[in-house]
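Given next are the chains, with one letter for each unit.
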Amino acid sequence: TKQIQIAIDGPAAAGKSTIAKKTAELLGYTYVDTGAMYRAITYKAIQLNIDLQDGEKLTSLLKETTIELKPSPKGQLVFLDNQEVTDEIRSLKVTASVSQVAAHAHLREEMVLRQLEMGKDGKIVMDGRDIGTHVLTNAELKIFMSASVEERAKRRYLENQKRGIDSVLKELAEEIALRDKMDSERDASPLIQAEDAVFIDTTELTIEQVSEKIMQLAKERM
Ligand code: C5P
């Protein structure tokens, strides 16, 4: 069998990371959550009180920052300059600010260089917004996953509940819709389906069903 690259893109809370993680596990591949990288630099910029509109400042900051994704039995851990920030980067503040940071073209270029380095040996499942269109452009399998905003908000609500976080469904739906709008309408590599990506609407599907479908598509390409 051939070693392949798998790119999974789609809007916020579509279940990309759950599915990407599971696919990587089943195949013995490395999982890279690129959203965590954008979140990590956003977290650092907020800590340092840097103007999130200042793309050049943010890009220089990123260039002197190390971001590492490390697998662990508890899931992927995120390290920012050698300090673990796995939970911190999921805060409301970071979530509300990350799309603004991710809109800067030069910052994205630096992120893509790092992601290419992580993906160069194949055996990789990478999820994000621009993986099929700008990062793993030759990936053997590209997936574009979506679901209705209502369904995505509901899933995020249940996920939060499990983590002991109280949230308001309507607010989650608004936050998701706003982030989708910002990610889709930006000039620098906006959220868009790659021409050669397979579209999967997960609104009516379980995690198992989506996972099975992706495993089948992957095996056809190996
Ligand atoms: O995947 P997640 O929801 O954690 O991503 C957080 C944000 O990071 C997205 O809303 C988007 O603004 C940005 N992002 C991006 N390109 C990627 C991954 C994430 O612009 N490849």
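Residues numbered from 1 in each chain as written. Predicted model: local features only at pLDDT ≥ 70, side-chain atom pairs only at ≥ 80, totals over all residues.

Caption draft 1: The UniProt feature "binding site: ATP" (unreviewed entry) in the chain, seen in detail. The UniProt entry lists Gly10, Pro11, Ala12, Ala13, Ala14, Gly15, Lys16, Ser17 and Thr18 under the feature "binding site: ATP" (unreviewed entry), expressed in the numbering used here. Here Gly10 lies in the loop between strand S1 (5–9) and helix H1 (16–27). By C-beta crowding, Gly10 is classed as buried, having 27 other C-beta atoms within 10 Å. Excluding residues that lie within four positions of it along the chain, Gly10 makes contacts with Lys16, Phe144, Met145 and Ser146. Given 24 C-beta atoms within 10 Å, Ala12 falls into the buried group. When sequence neighbours within four positions are dropped, the list of residues in contact with Ala12 reads Arg152, Ile176, Arg179 and Asp180. (UniProt positions renumbered as here; feature names shortened; annotations may be inferred. Helix = DSSP H or I, 4+ residues; strand = E, 2+ residues; numbered from the N terminus. Buried ≥ 20, exposed ≤ 12 C-beta atoms within 10 Å, placed from the backbone. Contact = placed C-beta atoms within 7 Å.)

Caption draft 2: Focus on the nonpolar core. Core analysis: the biggest nonpolar cluster contains 35 residues, and Ile6, Ala7, Ile8, Val125, Met126, Ile143 and Met145 have the highest contact counts within it. Formed by 21 residues, the second largest nonpolar core is a distinct cluster that contains Ala40, Leu80, Val85 and Val101. (Core = buried A, V, L, I, M, F, W, Y, C linked by C-beta atoms within 7 Å.)

Caption draft 3: Representation of the site of the ligand in the model. Inspection of the region around the ligand gives 14 residues, with Gly35, Tyr38, Ala102, Gly128 and Arg129 positioned closest. Looking at the shell around the ligand, the elements with two or more residues in it are helix H2 (34–47), helix H4 (92–102) and helix H8 (169–185). No other element matches the four residues that H2 contributes to the shell around the ligand. Split into classes, the residues belonging to the shell around the ligand amount to five nonpolar, four polar and five charged. (Near = placed C-beta within 6 Å. Nonpolar A, V, L, I, M, F, W, Y, C, P; charged D, E, K, R; others polar.)

Caption draft 4: Structural context of the packing of helix H3 (residues 55–63) against helix H5 (residues 105–119). Remark: H3 packs on H5, axes separated minimally by 8 Å, with the N-to-C direction vectors making an angle of 20°. Classified by the angle their axes make, H3 and H5 are roughly parallel. Note on packing geometry: the crossing formed by H3 with H5 is left-handed. Contact residues: H3 offers Gly55, Glu56, Leu58, Thr59, Leu62 and Lys63, while H5 offers His106, Leu107 and Glu110. When its residues are assigned to classes, the contact of H3 with H5 shows three nonpolar, three polar and three charged. (Axes fitted to C-alpha atoms, helices over the stretch in contact; angles between N-to-C directions. Parallel < 35°, antiparallel > 145°, perpendicular 65-115°, else oblique. Left-handed = near helix turned anticlockwise from the far one by under 90°.)

Caption draft 5: Quick peek at the sheet that holds strand S6 (residues 124–128). Taken together, the five strands give an open sheet; going across it, the order is S2-S6-S1-S7-S8, and neighbouring strands pair in parallel fashion. The open sheet terminates on both sides in strands that have one partner only, identified here as strand S2 (30–33) and strand S8 (198–201). Geometrically, the sheet is characterised by an average inter-axis angle of 20° between neighbouring strands, direction not taken into account. Relative to S8, strand S7 (residues 141–146) is paired through four bridges, and the arrangement is parallel. (Pairing = 2+ DSSP bridges.)

Caption draft 6: Structural view of the sheet that holds strand S5 (residues 83–84). Here we have three strands laid out as an open sheet, ordered S3-S4-S5, and antiparallel in their pairing. Because the sheet does not close on itself, it has two edges, and the strands there are strand S3 (67–70) and S5. Pairing between strand S4 (residues 77–80) and S5: two bridges, direction antiparallel. If you follow Phe79 over to S5, its bridge partner there is Glu84. Along the sheet, H2 makes contact with S3 and S4, crossing S4 at roughly 40°.

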